[in-house]
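# What the coordinates show
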Amino acid sequence: MNHKTVTIFGSAIPKPGSEEYETAYLLGKQLAKIGFNICSGGFQGIMDAVSKGAIEEGKSATGITIDIFNSHTSKYLTNQIKCNTLFERIDNLIKFGDAFVILPGGTGTLLELSAVLELINKNVIDKKPIVCLGKMWKIIIDIIDERMKFEKKNSGLVKCYNSIEETVDYIKYAINNN
């Protein structure tokens, strides 16, 4: 059985019952069903939802947290790693991930996605599967890819899908064929 970890980035805002929360919950559940552990920022919203899905399927849910947000940690975490700075937190979120899924979010999520892309493009970390789930990030990814092609850097690093099934299938395929 797989013991790899998928790091999920996304908003702390969605509440249980909302479409974004329920999508994240199902994503966590589906990834766990095929053997993946989950890592997230460890707070509420999307982070809470993916953690809930993972532990319901018997996998671990690691939260990488920091005190500056004055937020409540998810009650579904099986492991919590407390960080002192935002950049230590982002570093750990990336370090624990064998793959990354980006769900809807704001500037924090954009920062996390940008950090992953920058570290890969600077050859600081190995290429890893990256998926944006949903329509939100497609325009941004297209613009970034255009620029990366112009700069003769890695483009096409991020796959964009509109369904949980496509996302899970790609992560499974990419991890197993790396």
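Provided above is the structure to which this section pertains.
## Thoughts on the overall build of the chain
Secondary structure assignment for the chain yields six helices and seven strands. Starting at the N terminus, the α and β elements of the chain follow one another as β-α-β-α-β-β-α-β-α-β-α-β-α. Against the compact-globule benchmark of 16 Å for 178 residues, the chain has a radius of gyration of 15 Å, which places it among compact chains. Its C-alpha atoms give the chain principal-axis dimensions of roughly 45 × 35 × 30 Å. The long-range share in the chain, meaning contacts at least 24 apart out of those at least 6 apart in sequence, stands at 68%. Across the chain, the 21 positively charged side chains and the 20 negatively charged ones have centroids separated by 3 Å.

## Concerning the packing of helix α1 (residues 19-33) against helix α2 (residues 46-56)
Contact pair α1 / α2: the axes reach a minimum separation of 7 Å and the direction vectors enclose 35°. Here the hand of the crossing between α1 and α2 comes out right-handed. In this structure, α1 contributes Glu 20, Tyr 21, Ala 24, Tyr 25, Gly 28, Lys 29 and Ala 32 to the contact, and α2 contributes Ile 46, Asp 48, Ala 49, Val 50, Lys 52, Gly 53, Ala 54 and Glu 56. Taken together, the residues that form the contact of α1 with α2 break down as eight nonpolar, two polar and five charged.

## Observations regarding the nonpolar core
Core analysis: the largest hydrophobic core is formed by 27 residues, its most contacted members being Val 6, Ile 8, Leu 27, Leu 31, Val 101, Leu 103 and Ile 171. Put simply, the parts of the chain that give this core at least two residues each are β1 (5-9), α1, α2, β5 (99-102), β6 (130-133) and α6 (164-176). Those residues in contact with Leu 27 that sit more than four places away from it in its chain are Ile 8, Val 101, Leu 103, Leu 133, Ile 164, Thr 167 and Val 168. With 21 residues, the next largest nonpolar core counts Cys 39, Val 116, Leu 117 and Ile 141 among its residues.

## A few points about the side chain of Ser 74
You can see Ser 74 is positioned in the loop between β3 (61-66) and β4 (79-83). A polar contact of 2.7 Å, which involves the side chain of Ser 74, links it to the side chain of Asp 48. Among all residues touching Ser 74, those that are not within four sequence positions of it are Gly 42, Phe 43, Gln 44, Asp 48 and Ser 51.

Here is what the cut-offs are and how they apply
- Residue positions are counted from 1 within each chain, in the order its sequence is given.
- Local features are withheld for residues below a pLDDT of 70 in this predicted model, meaning they are given only at 70 or higher, and side-chain atom pairs are given and counted only at 80 or more; totals for whole chains, interfaces and linings count all residues.
- Hydrogens and waters are ignored; side-chain quantities use all the structure's heavy atoms.
- The way it works is that DSSP assigns letters per residue, a run of H or I at least four long becomes a helix, a run of E at least two long becomes a strand, and they are numbered from the N terminus.
- With C-alpha atoms as the basis for the radius of gyration, the globule rule is written as 2.2 Å multiplied by the number of residues raised to the power 0.38.
- Residues count as neighbours in contact if any of their non-hydrogen atoms are within 4.5 Å of one another.
- The sign given to each residue is positive for Lys and Arg and negative for Asp and Glu; His and the chain ends receive no count.
- In this description, the location of a charge corresponds to atom NZ of lysine, CZ of arginine, CG of aspartate or CD of glutamate.
- All axes here are fitted lines through C-alpha atoms, helices being fitted over the stretch that makes contact, and every angle between N-to-C directions spans 0 to 180 degrees.
- By convention the crossing between two helices is left-handed if the near helix lies anticlockwise of the far one by an angle smaller than a right angle, and right-handed if it lies clockwise.
- Lys, Arg, Asp and Glu make up the charged group, whereas Ala, Val, Leu, Ile, Met, Phe, Trp, Tyr, Cys and Pro make up the nonpolar group; the residues left over, Gly among them, are polar.
- Take the buried residues of types Ala, Val, Leu, Ile, Met, Phe, Trp, Tyr and Cys, join any two whose side-chain atoms come within 4.5 Å, and each joined set is a nonpolar core.
- Burial classes follow relative accessibility: with a 1.4 Å probe on protein chains only, a residue under 20% of its type's maximum area counts as buried, one over 50% as exposed, and anything between as partly exposed.
- Identification of polar contacts relies on pairs of N or O atoms within 3.5 Å, with a donor-acceptor requirement for protein atoms, meaning one able to donate a hydrogen and the other able to accept it, and with residues adjacent in sequence counted only if both atoms are side-chain atoms.

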